[in-house]
Each structure stands twice: as structure tokens, then as C-alpha cells.
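An overview of the molecular structure
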Amino acid sequence: MLRKISGRLRAISGFTVSTSRSEERVSMYRFHVADDHPLFRSALLAVIKRHYPESTVGESMALDGVISDLEQHPETDLLLLDLYMPGSQDLFGLITVRERFPGIPVAIISADEEVSTVSRAMGHGASGYIPKSCSPQIIHQAIHSILDGNRWIPEAYRSSLTPVTIEEKDLAAKIAALTPQQYRVLCYLREGWMNKQIGFELGVTEATIKAHITAIFRKLGASNRTQAVIMLSKMSLEETHVS
């Protein structure tokens with residue numbers, strides 16, 4: 001367990017602790033890999049199993065599964081989170097996990113390599129941003145660095161990041177207070193759906209949707225649909241993306 005302890009000490013004290021390869025091999029980390037693409041999820045699992053063979057790994061393909069697993073395993077050492085996956089559009093998955101599980105480091109895994117996206121993800125608490133175009137060797141380097149208590153992004157981005165505004169951080173905290181189901185309802189409102197349509201899609205009654213909308217307005221401090229949708233749109237990333 002030496003690597004796990006030394007990484008956390010570094011994060012707290014700022015001291016650099018050297019670690020041998022043998023120490024890395026005997027470390028028993030717990031990872032969670034959250035990605036809805038089986039091929040890339042398998043690629044991440046292969047990197048983890050090769051370099052951390054004694055580790056345990058949880059897997060999920062939707063945000064609900066991520067939250068459920070982390071509730072059962074708060075000792076998770078690193079969450080590798082796809083930026084765009086079922087239940088998590090834009091930054092909702094990241095800000096929700098950071099709000100509910102602030103002690104678990106999150107590394108974003110995404111094919112979105114826009115510097116603005118990287119900046120916002122890091123600004124909202126990600127410990128790293130790993131583009132899906134990275135080689136297995138680079139992915140391991142990123143994981144290794146984050147487990148040591150560092151923040152990691154590709155070198156090409158390190159002089160280009162811009163800070164997130166206080167206004168956006170305050171808005172993110174409000175949106176993170178939504179349940180996954182409330183967030184889904186809000187996303188449908190943004191698409192212009194009526195209550196009956198949303199209820200049919202989610203398999204619940206129209207009255208349930210109205211109750212969700214009331215809760216959404218209360219949590220966001222919005223008085224109508226237009227205000228709520230505008231607030232959500234301010235947290236949106238680019239309309240076109242690849243996951």
C-alpha cells in the first residue's frame with residue numbers, strides 16, 4: 001500500500017516521494033471505469049490490469065451506475081469518467097460526482113480535445129483530462145501521476161488553460177444539486193418537449209414530471225422554464241462533440 005499512502009501524502013504536503021516499481025506492483029488500488037463504448041472501456045481496463053494487476057475495477061456505462069458504485073465503494077482511488085455518456089451531457093457527470101464524492105479523484109476520458117472543454121473540466125474539479133487519442137503508455141503515465149496526487153493534462157494544453165468564472169462555479173453547484181432524473185427532465189425541457197412527452201419517454205406520469213419541474217425551479221432559483229433552460233445552456237459545451 002506504499003504507493004497509495006505516498007500519493008495522498010504528496011497531495012497534502014506537497015513533498016515528492018520516490019517510489020519503486022516493486023511498490024507499484026504490490027499496490028491494491030480500486031478504480032472505476034465509466035464509459036459507454038465497450039472497445040475503449042476494454043482498452044482502459046487493459047492498461048490498468050497490466051500496470052496495477054492487484055487492483056480491483058468497477059465498470060459502468062451510465063451515470064446512474066457510477067453513482068451507485070461509488071456509494072458502495074467510497075474508498076475508490078480513481079474514477080475514469082467519460083465526459084459524454086448516458087445520463088451525463090456536458091459537465092453534469094463531473095460536477096455531480098465532485099459534489100457527492102469530493103474525496104474521489106476524477107480523470108476525464110474524452111475524444112473532445114477542445115482547449116475550452118479541457119479548461120472547464122479542470123476548472124470544475126477534475127484531477128486530469130486524458131484524450132482518447134492518447135497511447136496506452138501516455139494513459140498509464142496520466143493515471144500514475146494522478147494517483148501520486150498530481151493534476152494531469154497533456155503537455156500541449158498546459159499553457160493554454162483559462163480559469164472558470166465564479167458565476168459558472170456557483171451555477172454548477174446548483175445544477176449538481178439536481179438528481180439524475182431531474183437533470184434528464186431539464187434536458188428535455190431544453191429540447192422543447194411537453195410534460196406529457198417527457199413522462200411517456202421516462203415511463204412516469206405527467207404529475208411526476210410536474211413535481212420534478214417544481215423541484216428543478218426551486219434548486220436552480222428559476223421561476224419558469226425559460227430561465228431554467230438558459231441556466232442549463234450556460235453550462236453547455238459545444239453543440240457538436242464526439243465522446
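See the structure above.
Scope of this entry: the structure provided in the associated data block.

Rules used in this analysis
- Residues numbered from 1 in each chain as written.
- Predicted model: local features only at pLDDT ≥ 70, side-chain atom pairs only at ≥ 80, totals over all residues.
- Heavy atoms only, no water.
- Buried < 20%, exposed > 50% of the residue type's maximum accessible area, 1.4 Å probe, protein only.
- Helix = DSSP H or I, 4+ residues; strand = E, 2+ residues; numbered from the N terminus.
- Pairing = 2+ DSSP bridges.
- Right-handed = clockwise from strand over helix to strand, strands pointing away.
- Axes fitted to C-alpha atoms, helices over the stretch in contact; angles between N-to-C directions.
- Parallel < 35°, antiparallel > 145°, perpendicular 65-115°, else oblique.
- Left-handed = near helix turned anticlockwise from the far one by under 90°.
- Contact = heavy atoms within 4.5 Å.
- Nonpolar A, V, L, I, M, F, W, Y, C, P; charged D, E, K, R; others polar.
- Salt bridge = Lys/Arg side-chain N within 4 Å of Asp/Glu carboxyl O.

1. What about the pairing of strand β5 (residues 128-131)?
- Side chains G128 and I130 project from β5 onto one buried face, and the interleaved Y129 and P131 project onto a second face that is buried too.
- Relative to β5, strand β4 (residues 106-110) is paired through 4 bridges, and the arrangement is parallel. The partner of A107 across the bridge, within β5, is G128.
- With respect to chirality, the unit in which β4 leads through helix α6 (residues 115-123) into the neighbouring parallel β5 is right-handed.

2. Quick word on the packing of helix α11 (residues 206-220) against helix α12 (residues 225-234)
- With their axes 10 Å apart at the nearest point, α11 and α12 run at an angle of 60 degrees to one another. For the element pair α11 / α12, the angle class is oblique. Like other packed secondary-structure pairs, α11 and α12 cross with a definite hand, here left-handed. Within the contact between the two elements, α11 uses I213, F217 and L220 and α12 uses R225, A228 and M231.
- Along the lines of polarity and charge, the residues of the contact of α11 with α12 split into 5 nonpolar, no polar and 1 charged.

3. Structural notes on the pattern of salt bridges
- In total, this model carries 8 salt bridges according to the counting rule given.
- A salt bridge links D35 to K132, with the nearest nitrogen and oxygen atoms 3.0 Å apart. Pair noted here: D35 is in the loop between β1 (30-34) and α3 (38-51) and K132 is in the loop between β5 and α7 (136-147), with a separation of 97 residues, a long-range link. Both residues of the pair, D35 and K132, belong to the buried class.
- Salt bridges sharing partners connect three or more residues here, namely D35, D82 and K132.

Remember, this is a structural readout, not a statement about activity or role.
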